[in-house]
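Here's the letter readout for the chains.
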Amino acid sequence: MNKAANDIQRVTVMGLGLFGGGVGVAEYWASQGKEVLITDLRDSKTLAPSLEALKKFDNIEYVLEKHRESDFTNTDLLIVNPAVKPNNKFLKLTQQTGIPVTTEIGIFASEHKNRYNGSVLAITGSNGKSTTTSLLASILTAINPNTLSGGNIGGSLLSRLGSYPIGTPAILELSSFQLYHLAKEAFSPDVAIITNLAPNHLDWHKTLENYYHDKKAIITAQTQNSYSILNYEDAELKKWDEFTNSTVFFTSMSDKKFDNLAFIKNNNFIIRHQGKEQVLAKLSSLKLPGKHNLSNALQALTAAYLYLQQTKSLDKINKFDSGLSDFTGLAHRQEVIAEIEGILYVNDSIATTPESSIAALNSYGDREIIIIAGGYDKKISLIDMSKEIAHKAKAAILIGQTASILNEQIKGFAPDFDTTLIASDSFEEAIKAASKKTSNGVVLLSPGCASYGMFINFQERGNKFKKIIQRLFNI
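The structure contained in this document is the topic of the report that follows. The model shown is predicted, which means the values in this text are computed figures rather than measured ones.

Definitions and limits used
Residues numbered from 1 in each chain as written. Predicted model: local features only at pLDDT ≥ 70, side-chain atom pairs only at ≥ 80, totals over all residues. Heavy atoms only, no water. Phe/Tyr/Trp six-rings, centres within 6.5 Å; stacked < 30°, edge-to-face > 60°. Helix = DSSP H or I, 4+ residues; strand = E, 2+ residues; numbered from the N terminus. Buried < 20%, exposed > 50% of the residue type's maximum accessible area, 1.4 Å probe, protein only. Pairing = 2+ DSSP bridges. Axes fitted to C-alpha atoms, helices over the stretch in contact; angles between N-to-C directions. Contact = heavy atoms within 4.5 Å. Right-handed = clockwise from strand over helix to strand, strands pointing away. Parallel < 35°, antiparallel > 145°, perpendicular 65-115°, else oblique. Left-handed = near helix turned anticlockwise from the far one by under 90°. Nonpolar A, V, L, I, M, F, W, Y, C, P; charged D, E, K, R; others polar. Salt bridge = Lys/Arg side-chain N within 4 Å of Asp/Glu carboxyl O.

This next bit is on the packing of aromatic side chains. Throughout the structure, instances matching the rule amount to 13 aromatic pairs. With centroids separated by 5.8 Å and ring planes inclined at 65 degrees, the aromatic side chains of Tyr 116 and Tyr 164 adopt a geometry described as edge-to-face. One end of the pair, Tyr 116, is in the loop between α5 (104-115) and β6 (120-124); the other, Tyr 164, is in the loop between β7 (148-151) and β8 (170-173), with 48 residues separating them in the sequence. On the basis of relative accessible area, Tyr 116 is assigned to the buried category, the value being 14%. Centroid distance Phe 427 to Phe 455: 5.0 Å. Interplanar angle 70 degrees. Geometry classified as edge-to-face.

Turning our eyes to something else, we now look at the sheet that holds strand β11 (residues 247-251). If you walk across this open sheet you meet the nine strands as β7-β8-β6-β9-β10-β11-β12-β13-β14, and the pairing is mixed. Strand pairing shows two members of the sheet lacking a second neighbour, β7 and β14 (276-282), which therefore form its edges. Averaged over all adjacent pairs, the angle separating strand axes in this sheet is 20 degrees, with direction ignored. By the bridge criterion, four bridges tie β6 to β8 in an arrangement that is parallel. Note that in β8 the partner of Val 120 across the bridge is Ala 170. Contacts between α5 and the sheet are confined to β6, β7 and β8, with β8 contributing the most and set at about 160 degrees to the helix. Its contacts with the sheet put helix α10 (residues 291-310) on β6, β9 (191-194), β10 (227-231), β11, β12 (261-265), β13 (268-273) and β14, and the angle it makes with β10 is roughly 165 degrees.

So, about the side chain of Ser 386. Residue placement: Ser 386 occurs in helix α13 (residues 383-392). For Ser 386, a relative accessible area of 0% gives the class buried. Setting aside residues no more than four positions away along its own chain, Ser 386 makes contact with Leu 406, Gln 409, Ile 410 and Phe 413.

This brings us to the sheet that holds strand β17 (residues 369-373). Spatially, the six strands line up as an open sheet ordered β15-β16-β20-β17-β18-β19, and their pairing is mixed. Both outer strands of the open sheet, β15 (335-340) and β19 (418-421), are each paired with one neighbouring strand and no more. Going from strand to strand, the sheet's axes swing by 15 degrees on average, the running direction of each strand aside. Pairing analysis gives four bridges linking strand β18 (residues 395-398) to β19, with the strands arranged parallel. Along β19, the bridge assignment pairs Ile 397 with Thr 420. Across the face of the sheet, helix α14 (residues 403-413) comes into contact with β17, β18 and β19 while running at roughly 165 degrees to β19.

Counting buried residues along β13, six of its six residues qualify, which places the element largely inside the surrounding structure. Taking every second residue as pointing to the same face, both faces of β13 are buried, with Asn 268, Ile 270 and Arg 272 on one and Phe 269, Ile 271 and His 273 on the other. Where β12 lies against β13, five bridges are found, and the strand directions are antiparallel. Its bridge partner being in β13, Phe 263 is matched across the sheet by Ile 270.

Let us look at the environment of Ala 300. Its place among the elements puts Ala 300 in helix α10. We classify Ala 300 as buried; its relative accessible area is 0%. Setting aside residues no more than four positions away along its own chain, Ala 300 makes contact with Thr 132, Leu 135, Leu 136, Ile 139 and Ile 193.

This part is about the pairing of strand β1 (residues 10-14). In terms of burial, β1 is a largely internal element, five of the five residues being buried. Here β1 shows no split at all, with Arg 10, Thr 12 and Met 14 on one side and Val 11 and Val 13 on the other all buried. Across five bridges, the pairing between β1 and strand β2 (residues 35-40) is parallel. Residue pairing across strands places Thr 12 opposite Leu 37, the latter belonging to β2. Each parallel crossover has a hand, and for β1 linked through helix α1 (residues 21-30) to β2 it is right-handed. The pairing of β1 with strand β4 (residues 77-80) spans four bridges and is parallel.

Let us now look at the packing of helix α6 (residues 129-143) against α10. Relative placement of two packed helices is described by the angle separating their axes and the distance separating the axes. Contact geometry for α6 and α10: axes closest at 8 Å, N-to-C directions at 40 degrees. Relative to α10, the element α6 lies oblique. For the pair α6 and α10, the crossing hand works out as right-handed. Of the residues in α10, those in contact with Thr 131, Thr 132, Leu 135, Leu 136, Ile 139, Leu 140 and Ile 143 of α6 are Asn 293, Asn 296, Ala 297, Gln 299, Ala 300, Leu 301, Ala 303, Ala 304, Tyr 307 and Leu 308. Looking at the contact of α6 with α10 residue by residue, the class counts come to 12 nonpolar, five polar and no charged.

This part takes up the pattern of salt bridges. Here the structure, examined in full by the defined rule, presents 26 salt bridges. Across the pair Lys 257 and Asp 255 runs a salt bridge, and its minimum N-O distance is 3.4 Å. Residue class for Lys 257 comes out exposed when judged on its relative accessible area of 69%. The salt bridge involving Glu 339 is made with Arg 367; its shortest N-O contact spans 2.8 Å. Here Glu 339, found in strand β15, pairs with Arg 367, found in the loop between α12 (354-361) and β17; they are 28 residues apart in sequence, far enough to count as distant.

The next subject is the packing of α13 against α14. Between α13 and α14, whose axes approach to 8 Å, the crossing angle comes to 55 degrees. As far as their axial angle goes, α14 and α13 are oblique. Handedness of the crossing formed by α13 with α14: right-handed. Together, Ile 383, Met 385, Ser 386, Lys 387, Ile 389 and Ala 390 of α13 and Leu 406, Gln 409, Ile 410 and Phe 413 of α14 make up the contact between the two elements. Per-class residue counts for the contact of α13 with α14 are seven nonpolar, two polar and one charged.

What follows is the structure, given as structure tokens:
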């Protein structure tokens, strides 16, 4: 956003949404006395929580269930919801007129870094970015209680601008959608993490090349004074050091015998820099199960170390173990809801990619798993997930658009595998069906697909899972 705030009188917000960003950016401009117009294709009933949060402002106008061309040309600034596709005709109309276009996260990142001298640590990847973001936030909060955390993980940080000390760090989880727009603003975080890469959101990006290009935007504008952290065990990412001017650190589950590497050895998380090794934390401090969480923790610890190096405060590294152990997990990420008559009910609704569900299937040892899987079709391959279900689960309850695809693929690996297809409006039936398939196993909601169509978002899907279980078993 190149236009000065004083030159902006009218702002159009395209997509209010329910995730907090639309509310945050509307409140940000409305509280400055600007004329704000919110346009969203959804109706007032669907958007009720967001509309309720903004009812105190009388300088906000709403256009719901439609878009009008005039709202995209008669404005000084367009704030676009990151989920809006690049070929959207209204977005293109604004761009053609030369009106600045930005996002809620773009405004915060710029203001935080330029006006409040705060470090920005940004995380992206196909899987694990929410957990890595939360682990990093927990570690840095142990050092600085004012540490900020937001972005794709939910909510808006705009309302907190300036309410914290100068130099406060901000940790931002960023989706490929957000990075598509941030690339146009030459976004350059002080520390960037890319957890891993796998095909995702091809319904939005159209090609894998486009998806990788947008993920790459987190490192391409970085300078020599910044750092990037790449997963060396990802075949694609280990080649991406050539795409950034930053100092690159790789992470690996074992020692690869080169410098600028974080790895695991002797039950410790270790970093090697300038030929010297430093223990970051003990493995026993991590409370999360699964090999994938070791990788997430390693990247978070590496980012925390590099942040302390940038701010010349490496003496605070002794806080890393406590920061790591303080974090016990995210809601909707392998969240144990209850154990009832020997059956463990686990909410992994945040698993919106096949790789996330595969990780969950490998987290329960020899205990039999009944998986509830399926959802919106993002036009990505589900074959590896289907293979893992066929080999690791006892039965699968399949829901959503991808139910029939998963069913066919699972049967291809194991023709006699126990699958049940549930109508899209019968989520409760899916949970009941899963409960009947085991007497001492795990009922695992780990869809491997987005929630759209059946639910507003993965949070609603996970919350309904919890509420249904609580009602069915009176807990």
